[in-house]
Amino acid sequence: MIENLVKKTVWEFKPYQVENIPCRIKLDAMENPYPLPESLMKKIVEGIEKIKINRYPDSSASKFKGIVSSQVGVLADNIIVGNGSDELIQLILTAFGECGDRVLFPVPTFSMYGIIARSLSLVPEGVPLIPPFLKSPSFPPLKKGDAGGLKGGWGDWELPLDKFLTEIERIKPKVIFISYPNNPTGNCFSKEGILKILEMSECIVVIDEAYYDFSRKTFLPPPKSPTIKEGGWEGRKNLIILRTLSKIGMAGLRVGYLMADREICRELNKVRLPYNSNAVSQEIAGIILENRFEIQRQIDTIVSERKRLITCLKQIPDVIPFPSETNFILFKTAKDSKEVFDKLLSNGILVRNFGDDIYLKDFLRVTVGTREENDEFMRVIKLVDTEK
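Residues numbered from 1 in each chain as written. Predicted model: local features only at pLDDT ≥ 70, side-chain atom pairs only at ≥ 80, totals over all residues. Heavy atoms only, no water.

Asks: Just to check I follow, could you spell out helix 13 (residues 292-314) for this structure?
Replies: Structural remark: α-helix, 3.6 residues per turn; residues separated by three or four positions point the same way. Counted at 1.5 Å a residue, the expected span for helix 13 with its 23 residues is 33 Å, and the 33 Å between its end C-alpha atoms agrees. Every buried residue belonging to helix 13 is among Glu294, Ile295, Gln298, Ile299, Ile302, Val303, Glu305, Arg306, Leu309, Ile310, Cys312 and Leu313, and all of these are buried. Where helix 13 is buried, its residues meet helix 3 (38-49), helix 10 (212-215), helix 12 (279-290), strand 11 (319-321), strand 12 (328-333) and helix 15 (371-386). (Helix = DSSP H or I, 4+ residues; strand = E, 2+ residues; numbered from the N terminus. Expected span 1.5 Å × (residues − 1). Buried < 20%, exposed > 50% of the residue type's maximum accessible area, 1.4 Å probe, protein only. Contact = heavy atoms within 4.5 Å.)

Asks: Explain the packing of aromatic side chains to me, please; I cannot follow it from the model alone.
Replies: Each pair of aromatic rings is reported with the distance of its centres and the angle of its planes. Under the definition given, this model contains 11 aromatic pairs. Seen from their ring centres, tryptophan 157 and phenylalanine 322 are 6.1 Å apart, and the 55° between their planes marks the pair as tilted. Of the two residues, tryptophan 157 sits in the loop between helix 7 (147-150) and helix 8 (161-171) while phenylalanine 322 sits in the loop between strand 11 and strand 12, which places them 165 residues apart along the sequence. Residue classification places phenylalanine 322 among the buried positions, given a relative accessible area of 1%. Ring-pair connections join several aromatic residues into one group, and the members of that group are Phe105, Phe110, Tyr113 and Phe177. The lysine or arginine in question, lysine 191, covers the ring of phenylalanine 219, its NZ or CZ lying 5.2 Å from the ring centre. (Phe/Tyr/Trp six-rings, centres within 6.5 Å; stacked < 30°, edge-to-face > 60°. Lys NZ or Arg CZ within 6 Å of the ring centre and 35° of its normal.)

Asks: Which parts of the structure should I look at to understand the sheet that holds strand 15 (residues 363-367)?
Replies: Strand pairing in a sheet relies on backbone hydrogen bonds. The paired strands run either parallel or antiparallel. Read from one edge of the open sheet, 4 strands run 11-12-15-14, paired in antiparallel fashion. Edge positions in the sheet fall to strand 11 and strand 14 (352-353), since each has one partner strand and no second. Relative to strand 12, strand 11 runs antiparallel, the two sharing 3 bridges. Within strand 12, the residue paired with isoleucine 320 across the bridge is lysine 332. Its contacts with the sheet place helix 14 (residues 337-346) against strand 12, strand 14 and strand 15, and it is angled at close to 30° to strand 15. (Pairing = 2+ DSSP bridges. Axes fitted to C-alpha atoms, helices over the stretch in contact; angles between N-to-C directions.)

Asks: How do you make sense of the pairing of strand 9 (residues 239-244) when you look at a structure like this?
Replies: For a regular strand, the rule is simple: side chains alternate between the two faces of the sheet. Most of strand 9 is tucked away, with 6 of its 6 residues classed as buried. Where burial is concerned, the two faces of strand 9 agree: the one with Leu239, Ile241 and Arg243 and the one with Ile240, Leu242 and Thr244 are both buried. Sheet topology places strand 6 (residues 204-208) next to strand 9; 4 bridges connect them, and they run parallel. In the strand pairing of strand 9, valine 206 is matched with isoleucine 240.

Asks: Please explain helix 11 (residues 262-271) as it appears in this structure.
Replies: Considered for burial, the residues of helix 11 that qualify are Ile264, Cys265 and Leu268. Looking straight down helix 11, one finds its buried side chains confined to an arc of 95°; they lie on one side. Against the buried residues of helix 11 lie strand 2 (79-82), helix 5 (84-96), strand 6, strand 9 and strand 10 (256-260). (Arc of directions from axis to C-beta.)

Asks: Any chance you could explain the nonpolar core here in plain terms?
Replies: Most often, soluble globular proteins keep nonpolar side chains buried together rather than apart. Within the largest apolar cluster, 63 residues are counted, with the highest numbers of intra-cluster contacts made by Phe64, Ile176, Leu245 and Met259. At 5 residues, the largest contribution of residues to this core is made by helix 12. The contacts of methionine 259, once residues within four sequence positions are left out, are Val72, Val74, Asn78, Ile79, Leu220, Trp233, Leu239, Ile240, Ile241 and Arg243. Within the second largest apolar cluster, 26 residues are counted, among which are Leu88, Phe105, Met112 and Ile264. (Core = buried A, V, L, I, M, F, W, Y, C linked by side-chain atoms within 4.5 Å.)

Asks: I would appreciate a short explanation of the environment of serine 190 in the present structure.
Replies: Within the secondary structure, serine 190 sits in the loop between strand 5 (175-179) and helix 9 (191-200). The class of serine 190 is partly exposed, set by a relative accessible area of 43%. Separated by 22 residues in sequence, serine 190 and isoleucine 168 have C-alpha atoms that sit 17 Å apart. In terms of polar contacts, serine 190 uses its side chain to reach the backbone amide nitrogen of glycine 193, at 3.1 Å. (Polar contact = N/O pair within 3.5 Å; in protein donor to acceptor, adjacent residues only side chain to side chain.)

See below:
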């Protein structure tokens, strides 16, 4: 009975499930490992005490947008706040996609682009990235003892620009998503290549800058740029930039925002639910951004630890880490990734295992933790690597 009522596209795919796996060191979800400073927590408590929770929140999140506006140099009318980036992705696809329309993105990438597209009866299309092993079209089998001699040939995953442009012409997508830096590979694609995609595309192009705070690379025009004029994005009318606060310490608040031409924002606001951002999240996020220097110290430490962790991983004979401009590191092992994952977990350390993923077989991803957490991760993975 229910099968006949549920939309076919919903019935046919499995829900995205986040397992709650007990562990002592959690390094699987790209979270900031540091708690908020006490001085900042005090300001947050004072701010929360002023909230009238018996009243609806500000539907437009005007105070929070004003804070973002002052920091990034974009007018508040060019900003929309969402319940995390996931909701903003859903808004974009709801506003610009109709049943059967194509949504294009590189793969592997953030899984929600495809999941949300399918849930809305859109058709996700992926263009495989060029694996970083000496420009080879595929990864060679990595056997124990191989990695030491291959480390010098491994670099960034590349976006195949010619193939991507061909697919744009062939399938005529309504929306393109590009994660910059890309999750899970950790690298930023060629900026010139992405600008070419923007130039050649007649559809909406979304640059997802979820990890901007770690890469400091953006497609947002500089403040007071002639590109941005009275709410219009001259020359970039089809561009949407996504940002999130989840990666820098506010994952529990579910706060994201997008920046785009005011005409795009007007259309997106037609499908945005009126109270999609709650009062508590708006208040706390605003306070944290106003005291950003407190969080910036943590971000700087994470970046420093990322560099140290990559250096340490390179010294393990049969582990190959990939360059990263995020708060995580993708790495490949000579052993079965499930075996490595299980042994790490048996020692209380949780990372992300990609298992038999078509693009990421025997790959794992580790979030950069505190120095102590990273040291423990390195201690255990070295033991795993030397085991027969």
